[in-house]
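Working through the structure, step by step
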Amino acid sequence: MSIKVENLTKIFDECDYLALEVYDDTELDNSMFVLKDNQTIKDLVSPDLYAKMEAFAEEHPMFILKTLNYYTPAYMYDYIDLLPYIENKITREGVDSYFQKAAEKANKEILAFETTEFQINILFGYSNDFYFDQIEYSIDNYEEKEKTTLELYEAYLTGDEETIKALIDEDLDDEEEMTEEEKQFYDAIFTNRNIHMTEVIEEYLRDNKEVFVVVGEAHVVPEEGIIDALTKTGNYKIEIVK
């Protein structure tokens, strides 16, 4: 199934509001991502893990360790998570940017589920050991991570809902093997945010607002995502726009 943009824009034009994951004018202070007191990543990790980072940087020139060495473990984790997109020159500007510009041009009111500050807190609020474990896992499994990223991107471009759902659910199926902090992280990133977004969407519907909602696919198609939650209420008919 290929999603036709003209069908989406027609629905967008009929709505009074656009709702995005985040929409504010917060200017980030990049110093918050820099280690303090002249510390470096090398100072904080075991020699074995740092050696892995060095070897990984040799194989992946866009993983610039001499620069990342001065940033927080959380920042390095976020960067390595985005590295498959960077290396494969995949733009991170998606439909949210497209419809944000369209809404601003049309003077539609733009709503937001979250703030930039909230997103930073849930992404960067865990222990250094947690992020180092995730970095090491990403390095050890990078080829598989890159393969999954490219498959997910292709499925996104073609509107292949089943593949998107399978890939995301597979990524979240290892809950029994997660540490307590990993469970807290994934609950914060996915479960709790999905619940909040669903509740806000239901509030829009109760208020009879015509809202065009744009959020990431990880919040929409997996089990316990927004579509699943809305369907289980029995109050709504969900249709895929083709």
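Residues numbered from 1 in each chain as written. Predicted model: local features only at pLDDT ≥ 70, side-chain atom pairs only at ≥ 80, totals over all residues. Heavy atoms only, no water.

1. Remarks on a nonpolar patch on the surface
A contiguous nonpolar surface patch, about 240 Å² in accessible area, is contributed by Val 95, Tyr 156 and Leu 157. As for its position among the elements, Leu 157 is in helix H9 (residues 142–158). Accessibility expressed as a relative area gives 46% for Leu 157, which makes it partly exposed. (Patch = residues over 30% accessible without salt bridge, like charges linked within 9 Å, V, L, I, M, F, W, Y side chains within 5 Å. Areas by Shrake-Rupley, 256 points an atom, 1.4 Å probe, with all protein chains shown as cover. Salt bridge = Lys/Arg side-chain N within 4 Å of Asp/Glu carboxyl O. Helix = DSSP H or I, 4+ residues; strand = E, 2+ residues; numbered from the N terminus. Buried < 20%, exposed > 50% of the residue type's maximum accessible area, 1.4 Å probe, protein only.)

2. Let's talk about the pattern of salt bridges
Per the counting criterion, the structure on display carries nine salt bridges. Here Glu 114 makes a salt bridge to Arg 193, at a shortest N to O gap of 2.6 Å. Pair noted here: Glu 114 is in strand E2 (residues 109–114) and Arg 193 is in helix H11 (residues 180–206), with a separation of 79 residues, a long-range link. Pair check on accessibility: Glu 114 and Arg 193 agree, each one buried. The residue Glu 151 makes a salt bridge to Lys 147 at a minimum N-O spacing of 2.8 Å. Pair noted here: Glu 151 and Lys 147 are both in helix H9, with a separation of four residues, about one helical turn. On the accessibility criterion, Lys 147 (44% relative accessible area) is partly exposed. Salt bridges here are not isolated pairs; linked through shared partners, they connect Glu 21, Glu 114 and Arg 193.

3. Here we look at unusual backbone geometry
Although it is not a glycine, Asn 107 sits at a positive phi angle of roughly 60 degrees. Within the secondary structure, Asn 107 sits in the loop between helix H6 (95–106) and E2. Owing to a relative accessible area of 73%, Asn 107 belongs among the exposed residues under this scheme. Residue Asn 208 is not a glycine yet carries a positive backbone phi of 60 degrees. Structurally, the position occupied by Asn 208 is in the loop between H11 and strand E3 (211–214).

4. Some remarks on the sheet that holds E3
Here we have three strands laid out as an open sheet, ordered E2-E1-E3, and parallel in their pairing. Of all the strands in the sheet, the pair left with one neighbour each is E2 and E3. With strand direction ignored, the average angle separating the axes of adjacent strands in the sheet is 25 degrees. Across the sheet, H6 touches strand E1 (17–22), E2 and E3, and the angle it forms with E1 is around 140 degrees. Where H11 meets the sheet, it contacts E1, E2 and E3, and its direction lies at approximately 145 degrees from that of E2. (Pairing = 2+ DSSP bridges. Axes fitted to C-alpha atoms, helices over the stretch in contact; angles between N-to-C directions. Contact = heavy atoms within 4.5 Å.)

5. What to know about helix H3 (residues 47–59)
An ideal rise of 1.5 Å per residue puts 18 Å on 13 residues; H3 measures up with 19 Å between its terminal C-alpha atoms. Of the residues making up H3, those classed as buried are Leu 49, Tyr 50, Met 53, Phe 56 and Ala 57. An end-on view of H3 places all buried positions within 115 degrees of arc, on one side of the element. More than 90 degrees from the buried face of H3, the exposed residues found are Pro 47, Asp 48, Glu 58 and Glu 59. On its buried face, H3 sits against helix H2 (41–44), helix H4 (65–68), helix H5 (73–87), helix H8 (128–140) and H9. (Expected span 1.5 Å × (residues − 1). Arc of directions from axis to C-beta.)

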